[in-house]
Amino acid sequence: MKRGFLNSSKAHSKMASVGRPDVHQVLPGVPEGYKTPKVNIKEGDPTIDPKTLPQGAFLFTSLPNIPLDEHDPDNWTSCLLQVATKAQIVDTPGFPRPLLHPPKPRYHIGPTPNMGLAAFSSCALKMGDLILSERALLIAPAHLFAEDNFPEDFTDAQLHQAVFAQAEARLQVAYDRMLPENQKAYMALANSHLQDGSGPILGVMRTNGVNAAPLTRPGDPPMPYSATCKEISRLNHSCSPNTAAEFDMPSFSFRLFAIRDIAAGEELTYTYTDTSASAAVRQKILEPYGFRCTCRACLDPRLSDARRASIHRASPTPALMSMWAEEGLQASPLYGQHAVTLMERYIGAGDLENAMVYARMCSKMKWFGCGAEDWADPAKIKADPQWRKDVK
Ligand SMILES: C[S@@+](CC[C@H](N)C(=O)[O-])C[C@H]1O[C@@H](n2cnc3c(N)ncnc32)[C@H](O)[C@@H]1O
């Protein structure tokens, strides 16, 4: 039986452009005459051999690496990645594996009265059910970074705008490499950054980016990546979400799972914030998305804040697990770790019935990337080296 899964480290041809935005038109704060530096290291550029680039250099690429004008039923992602990150991806055993799809569609996108579009379950779902798999439209560094020395007389506001302009110019290259239908899908996504100087491509990324954590290699400085998806990015936020997304490196795709049982027609949500934080802190983190969360935990923060604080401190017990579930925090890695701890505790005590309860729970927690479908097997539990080790 695999232990500690929760602790393990775990995008040429020129194409038509849909609604191609003009960086300087949409960034009025950039001083007249300021030109963004050219950042054009594209794969397939005959003047550059990617193998000679430093590991930290950025590369525009498509993953899986198929010709840019070709269609793949599973789509491909237009990426801006560090050279070393790309190497890590293509060296992943099994890459590029086809996507794992549910046997029939389990969700649909539809309107809400006050939250724009949203995703809804099309059937009753069980905890651990795969809802959808998709490759992102765009993956790029989540953090804005400046690439040249700015004129000394720039004001803070101008500096801010110039950094946005650089980011937009970079993203424009990745956007130009997308298939026209992907460009169209990208520009159709929500944008909560229409007034702050973000260019349109950056604005959509900042509104819809999903954390592609496994792409961040351990190192200094860490480079977080943001993935903008056609479908998953339609999910609205909840501080007690009912889904979680896991990035599967071999297939280079996100998998969205039900993290508890979900009724047919229920809205599917995931979290944009830190669910362990207080309601006030969560609202602050959500501010850039342009809404105030009105989920159950935010409407009654006094009770929920106290409960969240205490359950994050407490040691795992079956009663504590119920409190985590009542608070709707099954996406938290700590919840998963507790399930493993309890399973191990019952294995050590030779308590098969209770060990099976938590083994079944762990087996369904596929959003943690554990892929541990067969943990809930009494024969395996009894064959575990720790079986009955704590029995005096
Ligand atoms: C990633 S998009 C989600 C999909 C979006 N509703 C759409 O129409 O495409 C994020 C945007 O959805 C809206 N949104 C997401 N969660 C919300 C919530 N809990 N309450 C109100 N608006 C929300 C906000 O406008 C936010 O900027």
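- As named in an unreviewed UniProt entry, the chain is SET domain-containing protein, taken from Mycena metata.

Considerations on the packing of helix α3 (residues 156-176) against helix α5 (residues 200-208)
Inference 1: Here α3 crosses α5 at 90°, and the two axes come no closer than 8 Å. Classified by the angle between their axes, α3 and α5 sit roughly perpendicular to one another. Between α3 and α5, the residues in contact are Phe 164, Ala 167, Glu 168, Leu 171, Gln 172 and Tyr 175 and Pro 200, Ile 201, Leu 202, Met 205 and Arg 206, respectively.
Inference 2: The residue makeup of the contact of α3 with α5, split by class, is eight nonpolar, one polar and two charged.

Remarks on the pattern of salt bridges
Inference 1: Under the definition given, this model contains 10 salt bridges.
Inference 2: As a salt-bridge pair, Lys 126 and Asp 261 come within 3.6 Å of each other at their nearest N and O atoms. Remark: Asp 261 occurs in the loop between β11 (253-258) and β12 (267-270) and Lys 126 occurs in the loop between β4 (117-121) and β5 (130-134); sequence separation between them is 135 residues.
Inference 3: Lys 126 gets classed as exposed once you look at its relative accessible area, which sits at 51%.
Inference 4: Between Asp 196 and Arg 206 there is a salt bridge whose closest N-O contact spans 2.9 Å. Of this pair, Asp 196 sits in the loop between α4 (180-187) and α5 while Arg 206 sits in helix α5, and the two are 10 residues apart along the sequence.
Inference 5: Of the residues examined, Arg 206 reaches a relative accessible area of 30% and is grouped as partly exposed.
Inference 6: One network of salt bridges, with partners in common, ties together Arg 307, Arg 308, Glu 326 and Glu 327.

Section: the site of the ligand
Inference 1: Around the ligand sit 15 residues in total, of which Met 115, Leu 117, Arg 234, Asn 236 and Tyr 289 are the nearest.
Inference 2: Here a nitrogen atom of the ligand sits 2.8 Å away from a polar atom, N or O, in the side chain of Asn 236.
Inference 3: Here Tyr 289 contributes a backbone N or O atom positioned 2.7 Å from an oxygen atom of the ligand.
Inference 4: Those elements giving two or more residues to the shell around the ligand turn out to be α5 and β9 (236-237).
Inference 5: Each residue belonging to the shell around the ligand can be placed in one class, and the counts come to seven nonpolar, seven polar and one charged.

Observations regarding helix α10 (residues 333-348)
Inference 1: With 16 residues, α10 should reach 22 Å at 1.5 Å per residue; the first-to-last C-alpha distance of 23 Å fits that figure.
Inference 2: When α10 is considered as a whole, its buried residues turn out to be Tyr 335, Gly 336, His 338, Ala 339, Val 340, Leu 342, Met 343, Tyr 346, Ile 347 and Gly 348.
Inference 3: Packing partners of the buried residues in α10 comprise α9 (318-327), α11 (352-364) and α12 (378-383).
Inference 4: Two residues or fewer past α10, Gly 350 is found with a positive phi of approximately 65°.

Points about the sheet that holds strand β7 (residues 210-211)
Inference 1: Taken in spatial order, the five strands of this open sheet run β1-β2-β6-β8-β7, and their pairing is mixed. Edge positions in the sheet fall to β1 (58-63) and β7, since each has one partner strand and no second.
Inference 2: Judged from the six bridges that link them, β1 and strand β2 (residues 77-82) form a sheet pairing that is antiparallel. By the bridge assignment for β2, Phe 58 is matched with Gln 82.
Inference 3: Across the sheet, helix α2 (residues 83-90) lies against β1, β2 and β8 (225-228), angled at about 120° from β2, the strand it touches most.

Some points on the nonpolar core
Inference 1: Core analysis: the largest hydrophobic core is formed by 60 residues, its most contacted members being Ile 139, Tyr 186, Leu 215, Phe 252 and Phe 254.
Inference 2: Considering each element in turn, this core owes the most residues, six residues, to α3.
Inference 3: Discounting chain neighbours no more than four positions away, the residues touching Phe 252 are Leu 63, Thr 77, Cys 79, Ile 89, Phe 95, Arg 135, Ile 139, Leu 215 and Phe 247.
Inference 4: Counting residues in hydrophobic clusters, the runner-up holds 29 residues, among them Leu 130, Ala 244, Phe 257 and Leu 329.

Considering helix α6 (residues 279-286)
Inference 1: Buried within α6 are the following residues: Ala 279, Arg 282, Gln 283 and Leu 286. Taken around the axis of α6, the buried residues stretch over an arc of 100°, which confines them to a single face. Residues of α6 that are exposed and point more than 90 degrees away from the buried face comprise Ala 280 and Lys 284.

Parameters and conventions
Residues numbered from 1 in each chain as written. Predicted model: local features only at pLDDT ≥ 70, side-chain atom pairs only at ≥ 80, totals over all residues. Heavy atoms only, no water. Axes fitted to C-alpha atoms, helices over the stretch in contact; angles between N-to-C directions. Helix = DSSP H or I, 4+ residues; strand = E, 2+ residues; numbered from the N terminus. Parallel < 35°, antiparallel > 145°, perpendicular 65-115°, else oblique. Contact = heavy atoms within 4.5 Å. Nonpolar A, V, L, I, M, F, W, Y, C, P; charged D, E, K, R; others polar. Salt bridge = Lys/Arg side-chain N within 4 Å of Asp/Glu carboxyl O. Buried < 20%, exposed > 50% of the residue type's maximum accessible area, 1.4 Å probe, protein only. Near = heavy atom within 4 Å. Polar contact = N/O pair within 3.5 Å; in protein donor to acceptor, adjacent residues only side chain to side chain. Expected span 1.5 Å × (residues − 1). Pairing = 2+ DSSP bridges. Core = buried A, V, L, I, M, F, W, Y, C linked by side-chain atoms within 4.5 Å. Arc of directions from axis to C-beta.

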